Amino acid sequence: MNCIDCNFKSSATKFLSKGEIEELSHNCAHVEFKKGEKIFKESSFSSNIIYLKSGLVKVHILGPKNEQITKITKASAFLGLPTTFNEKVNKYSATALENCKVCFIDLEVFKHFIYKNGVFAYQIITELCKNEIDSFFRCLNRTQKQITGRVADALLFFYHDIYDDKEFILPLTREEFGNYIDTTRESVSRIINDFQKEGIIKIKNKKIKILKEERLINISEKG
DNA sequence: GCATTAACCACAG
DNA sequence: CTGTGGTTAATGC
């Protein structure tokens, strides 16, 4: 496996020197996961940085009551920075929502790049900052919007950030959808059906088509 | 009080 | 796994 020819390089990896790419090649394992498989597991040992090359993933933590879906990430992205960088044990799990291609990068080698290559480090920091801002907004939305607004948010998220298409297959069960936006599967069902009755979306099982984006944005903003 | 919101429970496809 | 209906608790006019 040679990383030079990889078509899925992260914005950071593009700034590695020839020698560094070579070093990466020798310390990186490519693995494929099928939909539904766990990529890494909370409270298990890990000494790798995990990079998602293609596919879609849910990141989740087991809470006292149920599984909380922290975020949904599509490629390309680093999955296990905060969980591995200064920790021996994973603080959360990641599960494939679609078939995924993933690279496991040796932590020591990765750290070495950070020490030696400033531009590489800068790119990593940029990604981390973006993640933090995203999580701030998700926190805000979760706590200050009511469920209708959160469902609208999530639908717009899938449209804008994940599929870039008004019609898509929801990669989550109703239960997971609930865990993602902090509510119950029943509420998700009801609100999605209400949206359909009002002609805002069209839904058949997991297949969703957004008909009135304006209305969704409006609902999302109103909370 | 009365209405709204949302969780919980139960039952049925 | 989903959808629906009834019930209940909390919150807001």
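Rules behind the numbers
Think of each chain on its own: its residues are numbered from 1, step by step along the sequence as written. Chains and ligands are labelled sequentially in the order written, the chains with letters from A and the ligands with numbers from 1. Residues qualify for local features only when their pLDDT is at least 70, as the model is predicted, and side-chain atom pairs are given and counted only at 80 or more; totals for whole chains, interfaces and linings, by contrast, use all residues. Hydrogen atoms and water are omitted, and side-chain values are computed over all heavy atoms in the structure. To qualify as a helix, a DSSP run of H or I must reach at least 4 residues; to qualify as a strand, a run of E must reach at least 2; elements of each kind are numbered from the N terminus. The globule rule is 2.2 Å times the number of residues to the power 0.38, and the radius of gyration it is compared with is taken over C-alpha atoms. Burial here depends on accessible area, computed with a 1.4 Å probe over protein chains only, as a share of the maximum for the residue type. Under 20% is buried, over 50% is exposed, and the range in between is partly exposed. Two residues qualify as a contact provided that any one of their heavy atoms is within 4.5 Å of a heavy atom in the partner residue. We get accessible surface area from the Shrake-Rupley algorithm with a probe of 1.4 Å; when it comes to residues, only the shown protein chains can shield them. Neither His nor the chain ends is counted toward charge; the positive residues are Lys and Arg and the negative residues Asp and Glu. Working definition for charges: the position is that of NZ of Lys, CZ of Arg, CG of Asp or CD of Glu. A pair of strands is labelled paired if DSSP reports no fewer than 2 bridges between them. Summary of the distance rule: residues count as near a molecule or strand when at least one heavy atom falls within 4 Å of that molecule or strand. Any pair of N or O atoms that falls within 3.5 Å is considered a polar contact. Within protein, one atom must be able to donate a hydrogen and the other to accept it, and sequence-neighbouring residues count only if both atoms are side-chain atoms. Under the grouping applied here, Gly and all other residues not named as nonpolar or charged are polar, the nonpolar ones being Ala, Val, Leu, Ile, Met, Phe, Trp, Tyr, Cys and Pro and the charged ones Asp, Glu, Lys and Arg.

The next subject is the overall build of chain A. A count of helical and extended segments in chain A gives 8 helices and 11 strands. Radius of gyration (C-alpha) of chain A: 19 Å, near the 17 Å computed for a compact globule of 223 residues. Across its three principal axes, chain A shows a C-alpha extent of roughly 60 × 35 × 30 Å. Across the 223 residues of chain A, 45% fall into the buried class. A fraction of 69% describes how many contacts in chain A between residues 6 or more apart in sequence connect residues 24 or more apart. Counting only carbon and sulfur atoms, one obtains 52% of the accessible surface of chain A, whose full area is about 12200 Å². A distance of 5 Å separates the average location of the 35 positive side-chain charges in chain A from that of its 29 negative side-chain charges.

Moving on, we come to the pairing of strand β8 (residues 100–106). Most of β8 is tucked away: 5 of the 7 residues are buried. Pairing between strand β1 (residues 28–33) and β8: 6 bridges, direction antiparallel. Pairing of Phe33 across the sheet is with Cys100, part of β8. Two strands pair when backbone bridges link them, and strand β3 (residues 48–54) and β8 are joined in this way by 6 bridges, in the antiparallel orientation. Directly across from Ser54, in β8, lies its bridge partner Lys101.

Quick look at the protein's contact with DNA strand B now. Contacts to DNA strand B come from Lys65, Gln146, Ile147, Asp182, Thr183, Thr184, Arg185, Glu186, Ser187 and Arg190. In DNA strand B, atoms within 4 Å of the protein come from the sugar-phosphate backbone in 72% of cases. The contact in question runs from a phosphate oxygen of DNA strand B to an N or O atom on the backbone of Ile147, over 3.0 Å. At 4 residues, helix α7 (residues 185–197) tops the list of elements feeding residues into the surface near DNA strand B. Looking at the surface near DNA strand B, its residues break down into 1 nonpolar, 4 polar and 5 charged.

Bear in mind that shape data such as this cannot, by itself, settle questions of function.
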